[in-house]
Amino acid sequence: MPTSNERIAAIDMGSNSFHIVVVEINAESQSFKVLDRLRETVRLGTFHEPKLKKELSVADMKRGFETLKRFKKLAEGHHVTEIFGSATSAVREAVNGREWLKGIRDKLGIDAHVISGVEEARLIYLGVLSATELQGRRIGIVDIGGGSTELVVADDQFIYHLSSSKIGAVRLTEKDLQDETDIQTKIGFMENHIEGLISTKVQEIENVGGFDVLIGTSGTIRNLAKINYKMHNFVNSDDVPNLNQHKLTFESLCTIIDKMIKTPKEKRADVFDISKNRSEIILAGAITLRTVMKNLKAKEIIYCDRALREGLIVDKLLQKGIIKNRMDYQQTIRLRSVHELGNKY
């Protein structure tokens, strides 16, 4: 059981990238302090292939294993007592995914398991909950990953909607945008495909009363927030501040997409000052976000820098009784922040 000042690490094994966060627990304030974090692009498997059974290739498994080995060294450098993780869409859909994770547990001692799409959405909610003051508001959450998109509607007491759809920046790029000739037609097909997969979810969200504010998490939305900030502030990447709570309007998103379409794929990394790996999938991710926002009738989205990996930490603290009550935990965000700031200085 985690105790005060104990250090633990959580790993999000996503379809596009793996993330680790190392934290120190403060049981008194029901909080954790982030000590270190690392992200590596891994891109497991392929989503658009003729095979009836998807599987992780030998190269995929080796790449993932080597990344996790580096993550373990990072965590051990902080003297953690526990390393645990969750694998999402790519591993979830691979016929050999669970067998690969067993090898991770046996060889590296990382407590790694596959989670369902709905469980992924719940953990994302917990991550957002750890950093966002709801103040009585009901939030909608959009998380666009490499292989899936999660939607959540919740407040500090109840979860009203959790869903996961097989829509992701890597998946859609492989399906529709490997070749960008006749791109407008392909984007039209992509938008229809996305709408078909989310239509019942959107109706369910309307049926439960919708939300007051829309929050976005993870790499696609983080990078779009960065692009948006730079477009409006004319700064270099080194001068971009922490973008937590950055607001991206639907209108600005459409402007960014129009500019991306006009920019050749091989030049997007330089033009938008993003990594080459991200530039390969950013257009599909942006179109996914635009389609989701359009269907949810959302005029803006606010970026939150906490997501699944922090949700894993919060869930662990809930399981072990460090966090006594989810609602009380959410309502004391500001108090915990002040407490941690005091400890820091």
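Residue numbers here run from 1 along each chain, matching the order of that chain's written sequence. The predicted origin of the model limits local features to residues at a pLDDT of at least 70 and limits the giving and counting of side-chain atom pairs to 80 or more, whereas totals for whole chains, interfaces and linings rest on all residues. The side-chain quantities take in all heavy atoms of the structure and omit both hydrogens and water.

**Student:** Mind showing me how you'd approach the sheet that holds strand β1 (residues 7–13) here?
**Tutor:** Think of a sheet as strands paired side by side through backbone hydrogen bonds, with each pair either parallel or antiparallel. The strand order β3-β2-β1-β4-β5 describes an open sheet built from five strands, whose pairing is mixed. The open sheet terminates on both sides in strands that have one partner only, identified here as β3 (31–41) and β5 (111–114). Pairwise comparison of adjacent strand axes, ignoring direction, gives a mean angle of 15 degrees for this sheet. Any two strands with at least two DSSP bridges between them are considered paired. Only runs of H or I of at least four residues qualify as helices and only runs of E of at least two qualify as strands under DSSP, and these elements are numbered from the N terminus. The pairing of β1 with strand β2 (residues 17–26) spans seven bridges and is antiparallel. Across the sheet, residue Met13 finds its bridge partner in β2, namely Phe18. Contacting β1, β2, β4 (82–87) and β5, helix α3 (residues 97–108) crosses the sheet at an angle of about 170 degrees to β5. Lying on the sheet, helix α12 (residues 308–319) is in contact with β1, β2, β3 and β4; it crosses β1 at an angle near 135 degrees. Only the stretch in contact is used when fitting a helix axis, every axis being a line fitted to C-alpha atoms; angles between N-to-C directions are given from 0 to 180 degrees. What makes two residues a contact is simply this: any of their non-hydrogen atoms within 4.5 Å.

**Student:** I would appreciate a short explanation of empty space enclosed by the protein in the present structure.
**Tutor:** Over the atoms, a rolled probe matching the size of one water molecule traces out where space is still vacant. Grid points spaced at 1 Å and placed over the protein atoms alone form the basis of the search, with a cavity being a set where a 1.4 Å probe fits but cannot get out and a pocket an open set showing protein on both sides within 12 Å along at least five of seven lines. Lining residues have an atom within 4 Å of a point. Grid points are joined across faces, edges and corners, and a volume is the space filled by probe spheres set on the points. All told, the structure shown has two cavities of 30 Å³ or more when counted by the stated rule. Roughly 270 Å³ of internal volume is contained in the largest cavity. If you go around the largest cavity, you meet 26 residues; those closest to its centre are Asp12, Gly14, Gly145, Gly146 and Ser218. Listed by contribution, the elements that provide at least two residues to the lining of the largest cavity are β2, α4 (117–129), β6 (139–144), α7 (218–233) and α12.

**Student:** What am I meant to see in the pattern of salt bridges here?
**Tutor:** Any two side chains of opposite charge can pair, on the condition that their charged atoms come close. Whenever Lys or Arg places a side-chain nitrogen within 4 Å of a carboxyl oxygen from Asp or Glu, that contact is recorded as a salt bridge. Here the structure, examined in full by the defined rule, presents 21 salt bridges. The partner of Glu24 in a salt bridge is Arg7, with the nearest N and O atoms 3.0 Å apart. Taken together, the positions of Glu24 in strand β2 and Arg7 in strand β1 put the pair 17 residues apart, joining distant regions of the chain. Classification of Glu24 by relative accessible area gives buried; the value is 17%. Among the ionic pairs, Lys276 bridges to Glu280, the shortest N-O distance being 2.8 Å. Salt bridges sharing partners connect three or more residues here, namely Arg37, Arg309 and Glu310. Burial classes: relative accessible area under 20% of the type maximum marks a residue as buried, over 50% as exposed, and values in between as partly exposed (1.4 Å probe, protein chains only).

**Student:** I'm lost on the packing of aromatic side chains in this one. Help?
**Tutor:** The geometry of an aromatic ring pair is captured by two quantities: the separation of the ring centres and the angle between the planes. Under the pairing criterion, centres of Phe, Tyr and Trp rings, with the six-membered ring standing for Trp, must be within 6.5 Å; the plane angle then separates stacked pairs below 30 degrees from edge-to-face pairs above 60, leaving the rest tilted. Scanning the entire structure with this criterion turns up one aromatic pair. We call a charge positioned above a ring when the Lys NZ or Arg CZ atom is no farther than 6 Å from the ring centre and deviates by at most 35 degrees from the ring normal. Between Arg138 and the ring centre of Tyr160, over which it is positioned, the NZ or CZ distance is 3.7 Å. One residue, Lys316, lies across the ring of Phe84, its end atom 4.5 Å from the ring centre.

**Student:** Got a minute to help me understand the nonpolar core in this structure?
**Tutor:** Soluble globular proteins tend to pack their nonpolar side chains together in the buried interior. With 42 residues, the main nonpolar core has Val142, Leu224, Leu253, Met260, Leu283, Leu289 and Ile301 as its most contacted residues. Every element with two or more residues in this core is listed here: β6, β7 (149–154), α6 (183–207), α7, α8 (250–262), α11 (282–296) and β11 (300–303). Here this core takes nine residues from α11, the largest share from any one element. In contact with Leu224, not counting residues within four places along its chain, are Leu248, Leu253, Ile256, Met260, Ile282, Ala286 and Leu289. Ile8, Ile124, Leu134 and Val213 belong to the second largest nonpolar core, which has 31 residues in total. We define the nonpolar core as a collection of buried residues of types Ala, Val, Leu, Ile, Met, Phe, Trp, Tyr and Cys that are connected through side-chain atoms lying within 4.5 Å of one another.

**Student:** Honestly, α4 in this entry has me stumped. Any pointers?
**Tutor:** Think of an α-helix as 3.6 residues a turn; residues three or four steps apart then line up on the same face. Take the number of residues in a helix, subtract one, and multiply by 1.5 Å to get its expected span. With 13 residues, α4 extends 18 Å from end C-alpha to end C-alpha; this agrees with the ideal 18 Å at 1.5 Å per step. Where burial is concerned, most of α4 is hidden: 10 out of the 13 residues are buried. Every buried residue of α4 is listed here: Gly117, Glu120, Ala121, Leu123, Ile124, Tyr125, Leu126, Gly127, Val128 and Leu129.

**Student:** Can you walk me through the sheet that holds strand β9 (residues 213–217) in this structure?
**Tutor:** If you trace the six strands from one edge of the open sheet to the other, you get β8-β7-β6-β9-β11-β10, paired in mixed fashion. The outermost strands of the open sheet, each flanked by one partner alone, are β8 (159–165) and β10 (247–249). The mean angle between the axes of side-by-side strands here comes to 25 degrees, regardless of whether they run parallel or antiparallel. Looking at chain direction, β6 and β9 are connected through five bridges and run parallel. Within β9, the position partnered with Val142 by the bridge is Gly216.

**Student:** I would appreciate a short explanation of the pairing of β1 in the present structure.
**Tutor:** In the case of a regular strand, side chains alternate between the two sheet surfaces. In terms of residue burial, β1 counts as a mostly covered element, since six of its seven residues are buried. Linkage of β1 to β2, two consecutive antiparallel strands, is achieved through a turn of three residues. In this sheet, β4 lies alongside β1 in parallel orientation, the contact comprising six bridges. Directly across from Ile8, in β4, lies its bridge partner Glu82.

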